[in-house]
Amino acid sequence: MKNLFNFFIVPVLLLCSFHKNSTLSDSGNKASGAEIRKEGKIVYLFFRMDKEASGKEKIVLQEKKIAEGKLKFTPSFDRSEVETGDFIVILSDAGGKEIMKQLVKNPLHPEMEVYEKEGVSRKKIPLENAEFSVRYSYSEHIQSVRIEKVTESGTQLLFTQKL
């Protein structure tokens, strides 16, 4: 009985192990390592913003970092969430065509929780300078960044730079 059991089980195990190896080698041929590395990058742009004495905002790109990884959540631009003072970050290709838009809530007026006797409330705190960042999935087509401030009469261009 033991010999009969070994006679049937050993070939089945060998067949399964060969089948598993063949399916792994087929899936590895679908994408090369260079393509995987290119798709798996995140770009971070770090900005510093100062409010000048005249009241005008000055934005400087402090640093650009590229890291391995994949964004779990891709930021989307929803026009209904835009308020006066917020920034619209526009990423464009070499021809100026918009590839991606992101909304950044006004960094010079962040909303903070304040603990008082009456309870917790939210208030906007005015700042003279602030830092903010934007992240996006790497694309070789993205060549420039533009930041516009939302005003009551439309938008005002604050910053433009090639990446």
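Heads up: the structure comes first, above all this text.
Further remarks concern the overall build of the protein chain. Helices and strands together make up the secondary structure of the protein chain, namely 2 helices and 9 strands. The N-to-C order of helical and strand elements in the protein chain reads α-α-β-β-β-β-β-β-β-β-β. Within the span of the protein chain, comprising 163 residues, buried residues form 23% of the whole. Put simply, the protein chain shows about 11900 Å² of open surface, and 54% of that area lies on carbon and sulfur atoms.

Pairing in this open sheet of 4 strands is antiparallel, and the strands run E4-E3-E8-E9 from one edge to the other. Strand pairing shows two members of the sheet lacking a second neighbour, strand E4 (98–104) and strand E9 (154–162), which therefore form its edges. Averaged over all pairs of adjacent strands, the angle between their axes in this sheet comes to 20°, without regard to strand direction. Note that strand E3 (residues 87–92) and strand E8 (residues 144–151) share 6 bridges and pair antiparallel. If you follow Val-89 over to E8, its bridge partner there is Ile-147.

Below, the discussion takes up the packing of aromatic side chains. Per the stated rule, a full pass over the model turns up 4 aromatic pairs. Taken together, a centroid distance of 6.3 Å and an interplanar angle of 15° make the contact between Tyr-44 and Phe-46 stacked. Judged by centre distance (5.8 Å) and plane angle (50°), the rings of Phe-87 and Phe-132 are tilted. Residue Phe-87 is found in strand E3, and its partner Phe-132 is found in strand E7 (residues 129–137); the two are separated by 45 residues along the sequence. In this structure, Phe-87 and Phe-132 share a single accessibility class: buried.

Calculation criteria
- Residues numbered from 1 in each chain as written.
- Predicted model: local features only at pLDDT ≥ 70, side-chain atom pairs only at ≥ 80, totals over all residues.
- Heavy atoms only, no water.
- Helix = DSSP H or I, 4+ residues; strand = E, 2+ residues; numbered from the N terminus.
- Buried < 20%, exposed > 50% of the residue type's maximum accessible area, 1.4 Å probe, protein only.
- Areas by Shrake-Rupley, 256 points an atom, 1.4 Å probe, with all protein chains shown as cover.
- Pairing = 2+ DSSP bridges.
- Axes fitted to C-alpha atoms, helices over the stretch in contact; angles between N-to-C directions.
- Phe/Tyr/Trp six-rings, centres within 6.5 Å; stacked < 30°, edge-to-face > 60°.

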